[in-house]
Amino acid sequence: MDPIFKAMADPARRDILDALRDRDGQTLSELCSLFDMTRFGVMKHLGVLEEAGLVTSVKRGRYKHHYLNPLPLQEALDRWIAPLVKPATRSILDLKTQLEEPQKDIHLSTYIAAAPDEVWAALTSAPAQSAYNYMADTVTRMGDTLSYARSGRELLTIREVAAEPPRALHAEFAPAWAPNLPRSELTYRLSQEGPYTKLTLEHRGAGDPSIADGWARTLAGLKTFVETGAAPKFRAPSPAAPDPSRKETPHGRA
């Protein structure tokens, strides 16, 4: 928690996060061109942001591309802020974000206190995903395809295209809850870092900015499930039910 708030306390680092929010995947040279800072200064700020988990990087050829990683901040907000925010307020903020945010690729990273084999098993097991996936009540496997359903309605299928256990899994993401959304490409990457597994999710062409919030909730559930054995469902809070003790007036409830 402390590294997150420390990283965001500096206005230059907040500017870098804003720059990545506007255009994700920028290289160091591209970021340097945006700020009146030395190359070393930008590198130092990126190091602090990466250490806090707010930025993740992917090396392609000679260049390292940097991506905004909102997952640690989302976890902090869900733990400390969300319980204090009224559901109606949260719904309005979510809608505002969906309308304002451009559709773009999703890159998220998290660290899980377990071996890559354990994380891989939780990613590919239908019973495990049934336990922690925020959206689905049941997850079933048919061959290379996982089907996610809630109240008997299929919401999503993920078809595994290529697997390199326990390092990488490439899949096709088909959102059945919104047939107008295109199928898209999904990749999980796992790497050992001491006693932890670094799990990076890359979702290309997601087509809907709200999917990023869904992934944040799913990965939070996966992390908790693998580390503790608990089976949480990090779903958005439901709207509060009307208070029956309040009387109706011409202008609403008193």
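Residues numbered from 1 in each chain as written. Predicted model: local features only at pLDDT ≥ 70, side-chain atom pairs only at ≥ 80, totals over all residues. Heavy atoms only, no water.

Observations regarding the packing of aromatic side chains
For the structure on display, the rule yields four aromatic pairs. With centroids separated by 5.6 Å and ring planes inclined at 40 degrees, the aromatic side chains of Tyr132 and Phe225 adopt a geometry described as tilted. With a gap of 93 residues between them, Tyr132 in helix 8 (residues 126-132) and Phe225 in helix 9 (residues 210-228) connect regions that are remote in the sequence. Taking 6.2 Å as the distance between ring centres and 85 degrees as the angle between the ring planes, the aromatic pair formed by Tyr188 and Trp215 counts as edge-to-face. Taken as a pair, Tyr188 in strand 8 (residues 184-193) and Trp215 in helix 9 lie far apart in primary sequence, 27 residues in all. A residue is classified by how much of its surface remains accessible, and Tyr188, at 4% relative accessible area, is buried. For Trp215, a relative accessible area of 6% puts it in the buried group. Taken together, the aromatic side chains of Phe173, Trp177, Tyr188 and Trp215 make up a single cluster linked through ring pairs. (Phe/Tyr/Trp six-rings, centres within 6.5 Å; stacked < 30°, edge-to-face > 60°. Helix = DSSP H or I, 4+ residues; strand = E, 2+ residues; numbered from the N terminus. Buried < 20%, exposed > 50% of the residue type's maximum accessible area, 1.4 Å probe, protein only.)

Quick notes on the confidence of the model for the protein chain
The pLDDT averaged across the protein chain works out to 83; a share of 81% of its residues lies at or above 70. Note on residues 239-254: pLDDT is under 50 here. Beyond four places in sequence and across chains, it has twelve contacts. (pLDDT = per-residue confidence, 0-100. Contact = heavy atoms within 4.5 Å.)

Re the pairing of strand 4 (residues 138-142)
When strand 4 meets strand 5 (residues 145-150), the two strands line up antiparallel, connected through five bridges. Within strand 5, the position partnered with Arg141 by the bridge is Leu146. Here strand 4 hands over to strand 5 after two residues, with Gly143 in that stretch at a positive phi of 65 degrees. (Pairing = 2+ DSSP bridges.)

Thoughts on the side chain of His45
Note that His45 resides in helix 4 (residues 39-51). For His45, a relative accessible area of 14% corresponds to the buried category. Residues contacting His45, with those up to four places away along its chain left out, are Asp10, Ala12, Arg13, Ile16 and Met37.

Describing the pairing of strand 1 (residues 55-60)
Taken together, the six bridges between strand 1 and strand 2 (residues 63-68) define a ladder with antiparallel strand orientation. Its bridge partner being in strand 2, Val55 is matched across the sheet by Leu68. Once strand 1 ends, the chain turns through two residues before running back antiparallel as strand 2, passing Gly61 with a positive phi of about 65 degrees.

A short note on unusual backbone geometry
That bond from Pro165 to Pro166 is cis: its omega, -5 degrees, falls within 30 degrees of zero. Here Pro166 is to be found in the loop between strand 6 (153-164) and strand 7 (168-175). One non-glycine residue, Ser151, lies in positive phi territory at about 55 degrees. Along the chain, Ser151 falls in the loop between strand 5 and strand 6.

Comments concerning the sheet that holds strand 9 (residues 196-204)
Spatially, the seven strands line up as an open sheet ordered 3-9-8-7-6-5-4, and their pairing is antiparallel. The strands lining the two open edges of the sheet, one partner per strand, are strand 3 (106-112) and strand 4. Strand-to-strand twist of the sheet, defined as the mean angle between neighbouring strand axes without regard to direction, takes the value 20 degrees. The sheet contacts of helix 7 (residues 116-124) involve strand 3, strand 4, strand 5, strand 6, strand 7, strand 8 and strand 9, and relative to strand 8 the element is tilted by about 155 degrees. Against the sheet, helix 9 contacts strand 3, strand 6, strand 7, strand 8 and strand 9, and its axis sits at roughly 15 degrees relative to strand 3. (Axes fitted to C-alpha atoms, helices over the stretch in contact; angles between N-to-C directions.)

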